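# Reading the structure
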Amino acid sequence: MTIAVEQGSGDDFPQDFSECERTDLEAAATRLGLPAFRGRQLFQWIHQKDVSTFSAMTDLPADLRARLETLATISEPAIDSRQVSSDGTTKFLLRLADGRRIEAVYIPDTPNQTFCVSTQVGCAMACGFCLTGKMGLVRHLTAGEIAVQVRVLARETGLRTSAFNIVLMGMGEPLHNYDATMKALRMLADDHGLAVPPRRVTLSTVGLIPALKRLAGEAVMPNLAISLHATTNDQRDALVPLNRKYPIEQLMDVCREFPLRRRGRITFEYVLLDGINDTAEDARRLVRLLEGIPGKVNLLPLNEAEGIPFRRPSDDRVNAFAKILADGGVTVSVRKSRGRDIRAACGQLLVTASPPAALPPPRP
Ligand code: SAH
């Protein structure tokens with residue numbers, strides 16, 4: 001007996017088109033014996049027109065649509081819940097195909113519309129003040145799982161055709177999941193998709209040095225934010241364990257050499273912990289550390305949470321710290337915590353790593 005294998009259904013034919021860059025879909029089209037532009041159309045349907053069923057792709061021949069339905073899927077997370085903060089910030093709990101859950105946050109009017117997306121389920125970096133860090137790393141997200149958060153947020157907020165910013169500041173360390181993150185950024189930047197310009201994307205990292213060096217050579221280059229949080233190695237070793245491997249001076253050297261867009265600057269995030277890293281001496285050291293680096297500082301007064309052994313400093317202390325930076329010639333802003341009432345603020349994204357709630361109960 002011979003088994004007919006349909007052309008295109010081989011091992012390397014993409015099973016999930018959500019994971020495909022435009023060029024992957026063009027190659028898939030070619031493998032089906034179709035012109036490459038069919039792949040481009042597919043990419044447009046998925047990313048620009050936000051359609052995730054083949055049957056709705058009306059400019060594709062009906063027989064092709066039927067064939068694609070047997071060959072591939074266009075996966076999407078389910079929205080398990082959505083919480084709206086008093087300030088309009090909306091946190092989406094998304095359930096992935098394997099039942100794992102991640103959070104993605106819409107932050108309105110800052111003054112831009114911003115989508116904060118996750119790159120991992122949990123995080124391996126274990127920063128002492130971050131709830132996601134307490135989860136540990138459950139798994140990396142795929143490129144499709146990163147990019148689709150933007151599609152879902154854009155759809156749910158009605159902003160698909162407006163300009164919005166993307167910050168890779170949700171759960172996870174983007175540079176620890178380098179390839180998937182970069183692939184997702186290419187998918188999002190594609191002119192045939194959402195066409196989000198890289199200057200509207202900010203990647204935030206604790207500073208994985210080899211990955212930062214790789215990032216410096218990328219064609220699609222997001223803005224860079226470095227989670228610095230401390231000015232001495234002793235202090236940073238305690239707060240950001242990765243510092244023991246990649247100490248501050250090495251991180252600063254990489255920042256100094258990092259290629260920036262015209263008038264571009266690196267953002268240095270600095271979480272303020274009462275009595276720990278918020279003294280006048282810390283502020284003065286921070287000024288000295290940033291000398292010669294085109295940067296700005298974004299102060300994040302700690303978002304407190306149960307299980308986090310630090311306190312948020314008073315507004316007076318925050319302002320005094322900011323003033324020393326400003327007087328030292330450093331551009332400084334204080335991040336307004338958005339969505340604290342729904343635990344959508346920085347460092348508060350946490351989902352239980354337990355098995356998916358949606359699985360059917362075990363049979364008796
Ligand atoms: N892993 C990346 C991306 C996360 S971005 C990174 O660390 O940069 C989230 C930002 O919020 C980081 O700067 C992080 O240090 C900060 N953050 C974490 N916990 C926080 C908390 N409890 N309060 C305020 N900011 C916090």
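Described in the following lines is the structure provided in the data block. Keep in mind that this is a model prediction, so the values were computed, not measured.

According to the stated counting rule, one finds five aromatic pairs in the structure shown. Here the aromatic residues Phe13, Phe17 and Phe54 are joined through ring pairs into a cluster of three or more. Positioned above the aromatic ring of tryptophan 45 is the side chain of lysine 49, whose terminal nitrogen or guanidinium carbon lies 3.9 Å from the ring centre.

Taken together, the neighbourhood of the ligand is formed by 19 residues, with Phe129, Ser204, Ser227, His229 and Asn303 sitting nearest. Between the ligand and glutamate 269, the relevant distance is 3.2 Å, taken from an oxygen atom to a side-chain nitrogen or oxygen of the residue. A distance of 2.9 Å separates a nitrogen atom of the ligand from a polar atom in the backbone of asparagine 303. Protein contact buries 95% of the 530 Å² of open area that the ligand shows by itself. Listing elements by their share of the shell around the ligand, those giving two or more residues are strand S8 (201-205) and strand S10 (266-272). In terms of residue class, the shell around the ligand is made up of nine nonpolar, eight polar and two charged.

Moving on to the nonpolar core. The biggest cluster of nonpolar side chains holds 115 residues, and the ones touching the most others in it are Phe17, Phe129 and Phe268. Looking at which element gives the most residues to this core, the answer is helix H5 (residues 143-157), with eight residues. Sequence-distant contacts of phenylalanine 17, defined by excluding residues within four places in its chain, comprise Leu25, Leu42, Ile46, Phe54, Leu68, Ala72, Thr73 and Ile74.

A word on the environment of glycine 329. Take glycine 329: it is sitting in the loop between helix H11 (315-327) and strand S12 (331-334). Each C-alpha atom, one on glycine 329 and one on phenylalanine 37, is 52 Å from the other, the two residues being 292 residues apart in sequence.

The ten strands are arranged S1-S2-S3-S4-S7-S8-S9-S10-S11-S12 in an open sheet whose pairing can be described as mixed. Each of the sheet's edge strands pairs with one partner strand only, and the pair in question is strand S1 (78-84) and S12. The sheet shows a mean angle of 20° between the axes of neighbouring strands, taken without regard to direction. In this structure, strand S4 (residues 114-116) lies alongside strand S7 (residues 165-168), joined through three bridges in parallel fashion.

Mapped onto the elements of the fold, valine 254 is located in helix H9 (residues 248-257). For the pair formed by valine 254 and methionine 182, sequence separation is 72 residues and the distance between their alpha carbons is 19 Å. Non-local contacts of valine 254, meaning those with residues more than four positions away in its chain, are made with Ile209, Leu212 and Lys213.

Let us now look at the pattern of salt bridges. Inspection of every chain in the model, using the stated rule, returns 24 salt bridges. When the shortest N-O distance is used, the salt bridge between glutamate 156 and arginine 82 registers 2.8 Å. Of the two residues, glutamate 156 is situated in helix H5 and arginine 82 in strand S1; the sequence distance between them amounts to 74 residues. Judged by its relative accessible area of 31%, glutamate 156 is partly exposed. Beyond isolated ion pairs, a larger network of salt bridges with shared partners links Glu281, Asp282, Arg284, Arg285 and Arg288.

Moving on to the pairing of strand S9 (residues 223-227). Within S9, four of the five residues are buried, which leaves the element mostly enclosed by the surrounding structure. Direction of pairing for S8 relative to S9: parallel, over a ladder of four bridges. By the bridge assignment for S9, threonine 202 is matched with asparagine 223. Of the strand pairs in this sheet, S9 and S10 are connected by three bridges, and their pairing is parallel. Paired with serine 227 across the strands is glutamate 269, a residue of S10.

This part covers the packing of helix H10 (residues 280-289) against H11. Interaxial distance between H10 and H11 falls to 9 Å at its minimum, and their mutual angle equals 30°. The angle between H10 and H11 places the two elements in the roughly parallel class. Between H10 and H11 the crossing geometry is right-handed. Listed contacts from H11 to Ala280, Asp282, Ala283, Arg284, Leu286 and Val287 of H10 are Phe321, Ile324 and Leu325.

Another aspect to go through is the side chain of glutamine 120. Topologically, glutamine 120 is positioned in strand S5 (residues 120-122). There is a polar contact of 3.1 Å between the side chain of glutamine 120 and the side chain of histidine 176. Beyond its immediate chain neighbours, meaning those up to four positions away, glutamine 120 contacts Ile102, Leu137, Arg139, His140, Leu141, Met171, Gly172, Glu173, His176 and Asn177.

About the cut-offs
- Per chain, the residues get numbers from 1 upward, laid out in the order the sequence is written.
- Note on the predicted model: pLDDT of at least 70 is required for a residue's local features to be given, and 80 or more for side-chain atom pairs to be given and counted; whole-chain, interface and lining totals, by contrast, use all residues.
- Based on all heavy atoms of the structure, the side-chain values leave hydrogens and waters out of the count.
- Each pair of aromatic rings taken from Phe, Tyr and Trp, with Trp reduced to its six-membered ring, is defined by centres within 6.5 Å and is described as stacked if the planes are under 30 degrees apart, edge-to-face if over 60, and tilted in the remaining cases.
- Placement of a charge over a ring requires the Lys NZ or Arg CZ to be within 6 Å of the ring centre, with the centre-to-atom vector within 35 degrees of the ring normal.
- Near residues are defined by distance, with any heavy atom within 4 Å of the molecule or strand qualifying the residue.
- Any N or O atom pair separated by 3.5 Å or less is treated as a polar contact, with the protein-specific requirement of one donor-capable and one acceptor-capable atom, and with residues adjacent in sequence counted only for side-chain atom pairs.
- Accessible areas in this description were obtained via Shrake-Rupley with a 1.4 Å probe; residue shielding takes into account the shown protein chains only.
- Secondary structure elements are taken from DSSP: a helix is a run of H or I of four residues or more, a strand is a run of E of two residues or more, and numbering for both begins at the N terminus.
- In this count, Pro and Cys sit with the nonpolar residues alongside Ala, Val, Leu, Ile, Met, Phe, Trp and Tyr, while Asp, Glu, Lys and Arg are called charged and the others, Gly among them, polar.
- Buried Ala, Val, Leu, Ile, Met, Phe, Trp, Tyr and Cys residues that are joined via side-chain atoms within 4.5 Å together make up what is termed a nonpolar core.
- Residue exposure (1.4 Å probe, protein chains only): buried if accessible area is under 20% of the type maximum, exposed if over 50%, otherwise partly exposed.
- We call two residues in contact when some of their heavy atoms are within 4.5 Å.
- Note on pairing: DSSP must find at least two bridges between two strands before they are called paired.
- A fitted line through C-alpha atoms serves as each axis, taken over the contacting stretch for helices, and the angle formed by two N-to-C directions is quoted from 0 to 180°.
- When a carboxyl oxygen of Asp or Glu is within 4 Å of a side-chain nitrogen of Lys or Arg, the pair counts as a salt bridge.
- Small angles under 35 degrees read as roughly parallel and large ones over 145 as roughly antiparallel, with 65 to 115 read as roughly perpendicular and the rest as oblique.
- The hand of a helix crossing depends on one turn: near helix anticlockwise from the far one by less than a right angle means left-handed, and clockwise means right-handed.

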